[in-house]
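These are the residues of each chain, in order.
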Amino acid sequence: MSSEIEPPEKKPKLTDNINNIYMETIDKCIEQINSSEKNLQPIISDDLSQPLPLIKVFAGHIRDMKNISRIILILNEKIPLKELTHLKRVCRRDIILCPTTFVQNTSSIQEYIETHVTELKDMFEYFKEIDVPMVPPKVTKQYNELRKIWSCHFHRNDYHEKLVSDNFFSLHELKVHKKYMEVVFEIAKWYSVHKGVNFVVNNVFENVNVTVVVDPKRVRIVTIAYDYREEHPMQHSAMVAIDNVAKTQNGGVWTTECDDHLLPGIEKELIYHLKYKFSQFIIGLNRTNSHRAKGGPKTDSVGEKGGPKSDLCEVKSGPQTLLKKENGEKDGPYLCTGYDIYMLKEPCMMCAMALVHARAKRVFFCFKNSVCGALCSVAKLQTVPSLNHHFEVFSGFL
């Protein structure tokens, strides 16, 4: 009697195991984001969150308080505190004379007063060196700390106070932001299944980034983008996203193999997948009927939820299918003006600067980029005063 030999059990491929790890990691991240009760944290300038610097000054202890008005008038004339106007000159019986660097060429402050401000040579019992705030406080927390050192002027700014609080967004706003970040993770998952990604076992997101551009006023996903830096060194997801936005405005530089006319540069299958999973969002361009340009009747100007209508026509340009409006008008503002940007990882300096030029309103990211992150990890580009545009930055989803 012959016995049938069963075929050996197939061992799962290493790639399959890595894919499973990747999927499980994404699902866990989405679950943690949705279950977290903490608010998102603004990435703000250090001068709002860090202790303010101090400067050494000479102070004189007034002998007779009856002379205080005269002393102040003379000091304001002879030794004005041009760079310390945020400070009150007098605190109890002490009065600020000048920064210590002001009298480096003399042996002591007493000698300087006796030589250059002779009217005050007998007005002080003694002199001392103290530390005072170099710059004005910007939030109440800083003010409460600095006033323990020296009296200073403070003008409350409600926006700054909100930035340093732990409840910047309302519960409803927080829910919306988390949902858009879930879209980001869902796109990463879709590309891993349909396009393949070179995953790293110890850090599944090392070679992955996704960008979603949102018009918050219309609750509309304007475009999405994946990371193609392995094919082109500049095609990081944020750069591709900006280029896709430009395509909605009769611009754009990079060619794509997209054959769908709902969202330029995006695979049709992915659009339908997002349409099915996130039906609460409008996806794609506004519907602007070209009949208006021809004197026709005015029609609905908003696309459909989960699958917008569009009167775009295809214009072939080599291997790329470009999207042009039939009436030649732009759909939307200048690039990303007023738009929110949601990213899986903190952008690099190139991408962050591109978002500045694109006039993004707010940038949200989930993971820090310890190697070249330009908004938190290595630099805080959004806080550079000399830039002609600044956007808000938020993180803390996990």
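Data block above holds the structure.
Description of the structure in this document. Everything numeric here is computed off the predicted structure, so don't read it as measured data.

1. Comments concerning the overall build of the protein
Along the backbone of the protein there are 10 helices and 13 strands. Here the protein holds 398 residues, and 47% of them are scored as buried. Here the contacts in the protein between residues at least 6 apart in sequence split such that 65% fall between residues at least 24 apart.

2. A few points about the nonpolar core
By size, the foremost hydrophobic cluster in this structure holds 44 residues, and its most contacted members are Met-181, Phe-185, Ile-187, Val-212 and Ile-221. Elements with a minimum of two residues in this core: helix H1 (14-35), helix H7 (171-194), strand E6 (210-215), strand E7 (220-226), helix H9 (268-277), strand E11 (340-345) and strand E12 (362-367). Considering each element in turn, this core owes the most residues, 10 residues, to H7. If sequence neighbours within four positions are ignored, Val-212 has contacts with Val-183, Val-184, Ile-187, Ile-221, Thr-223, Ile-224, Asp-340, Ile-341 and Tyr-342.

3. Some remarks on the sheet that holds E6
Taken in spatial order, the 7 strands make up an open sheet running E1-E13-E12-E11-E6-E7-E8, and their pairing is mixed. Each having just a single partner strand, strand E1 (41-42) and strand E8 (282-283) make up the two edges of the open sheet. In the sheet, E11 pairs with E12 via 5 bridges, with the strands oriented parallel. Paired with Met-343 across the two strands is Phe-365, which belongs to E12. Its contacts with the sheet put H7 on E6, E7, E11 and E12, and the angle it makes with E11 is roughly 50°. In the packing of helix H8 (residues 237-247) onto the sheet, the strands contacted are E6, E7 and E11, and the crossing angle to E7 comes to about 135°.

4. Looking at helix H4 (residues 109-116)
Each α-helix winds once per 3.6 residues, and so residues spaced three or four apart point in a common direction. Residues of H4 that are buried: Ile-109, Tyr-112 and Ile-113. Buried residues in H4, looked at end-on, bunch into an arc of 95°, giving them a common side. Summarising the contacts, the buried residues of H4 are in contact with strand E2 (54-62), strand E4 (94-99) and strand E5 (124-133).

5. Considering the sheet that holds strand E3 (residues 90-91)
Sheet architecture is open: 4 strands sit in the order E3-E4-E2-E5, paired in antiparallel fashion. Looking at the sheet topology across the chains shown, the edges are occupied by E3 and E5. Against the sheet, helix H3 (residues 68-78) touches E2, E3, E4 and E5, its axis set at about 10° to E4. Sheet strands in contact with H4 are E2, E4 and E5, and its direction is about 115° off that of E5.

6. Quick notes on the pairing of E7
With 7 of 7 residues buried, E7 lies mostly within the body of the structure. In this structure, the hairpin formed by E6 and E7 is closed by a connection of 4 residues, where Val-219 is found at a positive phi of approximately 50°. As paired elements, E7 and E8 share 2 bridges and run parallel to each other. Bridged to Ile-221 within E8 is Ile-283.

7. Quick notes on unusual backbone geometry
In this model, Arg-92 sits at a positive phi of 55°, which is unusual for a non-glycine residue. Mapping Arg-92 onto the fold places it in the loop between E3 and E4. In this model, Leu-335 sits at a positive phi of 45°, which is unusual for a non-glycine residue. Note on placement: Leu-335 falls in the loop between strand E10 (320-325) and E11.

8. Describing H8
Most of H8 is tucked away, with 11 of its 11 residues classed as buried. Taken as a whole, H8 has its buried residues at Ser-237, Ala-238, Met-239, Val-240, Ala-241, Ile-242, Asp-243, Asn-244, Val-245, Ala-246 and Lys-247.

9. Some points on the pattern of salt bridges
Counted under the stated rule, the structure contains 17 salt bridges. Note that Asp-27 is salt-bridged to Lys-189, the shortest N-O span being 2.7 Å. With Asp-27 in helix H1 and Lys-189 in helix H7, this residue pair connects regions lying 162 residues apart in the sequence. For Asp-27, a relative accessible area of 37% corresponds to the partly exposed category. Owing to a relative accessible area of 17%, Lys-189 belongs among the buried residues under this scheme. In this structure, the salt-bridge partner of Glu-125 is Arg-93, at a minimum N-O distance of 3.9 Å. Taken together, the positions of Glu-125 in strand E5 and Arg-93 in the loop between E3 and E4 put the pair 32 residues apart, joining distant regions of the chain.

What counts and what doesn't
- Each chain has its residues counted from 1, running along the sequence as written.
- Only residues with pLDDT of at least 70 are given local features in this predicted model, and only at 80 or more are side-chain atom pairs given and counted; all residues enter the totals for whole chains, interfaces and linings.
- Only heavy atoms go into the side-chain values, all of them from the structure, while hydrogens and water stay out.
- A run of H or I in DSSP counts as a helix once it spans at least four residues, and a run of E counts as a strand once it spans at least two, with each numbered from the N terminus.
- Burial classes follow relative accessibility: with a 1.4 Å probe on protein chains only, a residue under 20% of its type's maximum area counts as buried, one over 50% as exposed, and anything between as partly exposed.
- The contact definition used throughout considers only heavy atoms, calling two residues in contact when any of these lie within 4.5 Å.
- The set of buried Ala, Val, Leu, Ile, Met, Phe, Trp, Tyr and Cys residues whose side-chain atoms join them within 4.5 Å is what this entry labels a nonpolar core.
- Following DSSP output, two strands are said to pair if at least two bridges run between them.
- For helices, the fitted axis covers only the stretch in contact; all axes are lines through C-alpha atoms, and the angles between them, taken along N-to-C directions, range from 0 to 180 degrees.
- By arc we mean the arc of the directions from the helix axis to the C-beta atoms, nothing more.
- We count a salt bridge whenever a side-chain nitrogen from Lys or Arg sits within 4 Å of a carboxyl oxygen from Asp or Glu.

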